[in-house]
Amino acid sequence: MKEIKDFISDRVSKDIAIIVAFLLAVTAGFLGFKYYLLLRENSVLKMSNDSLNNSLQALTINYSKLRDEKNGLSTSLQDQTQKVTALANEVGGISGTVSTLTKLSQTDPELLEKYSKVYFLNENYVPKSLTPIAPEFTFEKSRTYMALTDIMPHLQGMLLSASSSNINLLVVSAYRSFNDQSSLKSTYKVTYGAGTANSFSADQGYSEHQLGTAFDLTTKKVGGSFTGFEKTDAYTWLVANAYKYGFILSYPPHNSYYVYEPWHWRYVGIALATYLHDQNKNFYDLDQRTIDQYLVNFFD
Ligand code: DAL
Ligand code: ZN
């Protein structure tokens, strides 16, 4: 009986051992397989990682190349921009010079010459274009007084401005041709004698009136004799304001050419008139070369 029991117990132990061994083998196999899978996965991941790294490196290289290229382009763009700007400035400078020269070539140089016994104006000289002065600004309404067309806005501007300050200036003499001046001077010589006539009247060819830019101004009260004009508010207004419209007094007291003529105003351009006003100088005291610098701005 005991032997049978021992046999059975021995048998069961062996079976259990076999089962346990089997189970261990299966588990080991399973774990081994799992480990194998993990290793494979890891290797795949590693490969992917390497390939990603390679791609990233390639991208980084490309990016650096592109960045260098972009920097190169932007430097070259900067260079080109600088060149274009320099060229534009040069072109601007040239076109400024050309427009100054064009302006100068279209401005009659006679307009800023010194006359009055200094410089002779040809007997055939006639201003480029003359326009009648509106009768509201003229002394004798039935007469036609002419002025150089291009300075008309300045003349009218001055007369209107005076009138808005209750100063009613009237033009009593404007453009005079060579022949007009000749007749006038002859009459004065007959009336006053040559000596006196020469002290207040220019010979033909020497009068600023032949330019169409000089005007004798008066008021209704003072009239054409100009007596006492220098004591009027009109004269005071002219002294303070005429330069703003480009007008100057040609013959101030003690000038070298004629008697003091407070009524005789010549247009020389705002730039020159302002310079003379600010420097307290007279037109005939400047040398011709200084005066000529203002020719380009004559009509401005
Ligand atoms: N009264 C000035 C000088 C002229 O005759 O032009
Ligand atoms: Zn005059």
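Residues numbered from 1 in each chain as written. Chains lettered and ligands numbered in written order. Predicted model: local features only at pLDDT ≥ 70, side-chain atom pairs only at ≥ 80, totals over all residues. Heavy atoms only, no water.

Binding of the zinc ion (ligand 2) to the protein goes through His209 (NE2), Asp216 (OD) and His264 (ND1), at separations of 2.0 to 2.1 Å. We note that the donor set of the zinc ion (ligand 2) lies within a single chain, spaced as H-x6-D-x47-H. With His209 in the loop between α4 (194–200) and β4 (214–218) and His264 in strand β6 (residues 264–267), this pair connects stretches of sequence that are 55 residues apart. Classification of His209 by relative accessible area gives buried; the value is 2%. (Donors = N, O, S within 2.8 Å, 3.2 Å for Na, K, Ca; no water. Helix = DSSP H or I, 4+ residues; strand = E, 2+ residues; numbered from the N terminus. Buried < 20%, exposed > 50% of the residue type's maximum accessible area, 1.4 Å probe, protein only.)

Moving on, we get to helix α6 (residues 270–279). Among the residues of α6, Leu272, Ala273 and Leu276 are the ones counted as buried. Down the axis of α6, the sector holding all buried residues measures 100°, keeping them to one side. On its buried face, α6 is in contact with β5 (247–249) and α7 (288–292). (Arc of directions from axis to C-beta. Contact = heavy atoms within 4.5 Å.)

What follows is about the pairing of β4. Judged by how many residues are buried, β4 sits mostly within the fold: five of five residues are covered. Burial along β4 is two-sided: Ala214, Asp216 and Thr218 and Phe215 and Leu217, pointing in opposite directions, are all buried. Pairing analysis gives three bridges linking strand β3 (residues 170–173) to β4, with the strands arranged antiparallel. Within β4, the residue paired with Leu170 across the bridge is Thr218. Across three bridges, β4 lies against β6 in antiparallel orientation. Residue pairing across strands places Phe215 opposite Trp265, the latter belonging to β6. (Pairing = 2+ DSSP bridges.)

The full set of residues close to ligand 1 is Arg176, Gln181, Phe200, Ser201, Ala202, Ser207, His209, Tyr251, Tyr258 and Glu261. Within the side chain of Arg176, one N or O atom sits 3.3 Å away from an oxygen atom of ligand 1. The side chain of Glu261 places a nitrogen or oxygen atom 2.9 Å from a nitrogen atom of ligand 1. Of the residues that constitute the shell around ligand 1, the class distribution is four nonpolar, four polar and two charged. (Near = heavy atom within 4 Å. Polar contact = N/O pair within 3.5 Å; in protein donor to acceptor, adjacent residues only side chain to side chain. Nonpolar A, V, L, I, M, F, W, Y, C, P; charged D, E, K, R; others polar.)

Here the focus is the pattern of salt bridges. Following the criterion strictly, the structure yields seven salt bridges and no others. Residue Arg266 pairs with Glu208 through a salt bridge whose shortest N-O separation is 3.0 Å. Pair noted here: Arg266 is in strand β6 and Glu208 is in the loop between α4 and β4, with a separation of 58 residues, a long-range link. Here Arg266 matches Glu208 in class, with each residue buried. The shortest N-O distance in the salt bridge between Lys231 and Glu230 comes to 3.9 Å. Accessibility expressed as a relative area gives 69% for Lys231, which makes it exposed. (Salt bridge = Lys/Arg side-chain N within 4 Å of Asp/Glu carboxyl O.)

As a further point, take the sheet that holds β3. Overall, antiparallel pairing links the four strands, which are arranged β3-β4-β6-β5 in an open sheet. What marks the edges here is a single partner per strand, and that holds for β3 and β5. Strand after strand, the sheet turns through a mean of 45° between neighbouring axes, direction not considered. Relative to β6, β5 runs antiparallel, the two being bridged by three bridges. Bridging from a neighbouring strand, Phe247 pairs with Tyr267 of β6. (Axes fitted to C-alpha atoms, helices over the stretch in contact; angles between N-to-C directions.)

In the Ramachandran plot, Asn166 falls in the positive-phi region, its phi being about 65° despite a non-glycine side chain. Tracing the backbone through its elements, the reader meets Asn166 in the loop between α2 (152–164) and β3. Relative accessible area serves as the criterion here: at 69%, Asn166 is assigned to the exposed category. Look at His254: it is not a glycine, yet its phi comes out positive at around 65°. Tracing the chain through its elements places His254 in the loop between β5 and β6.

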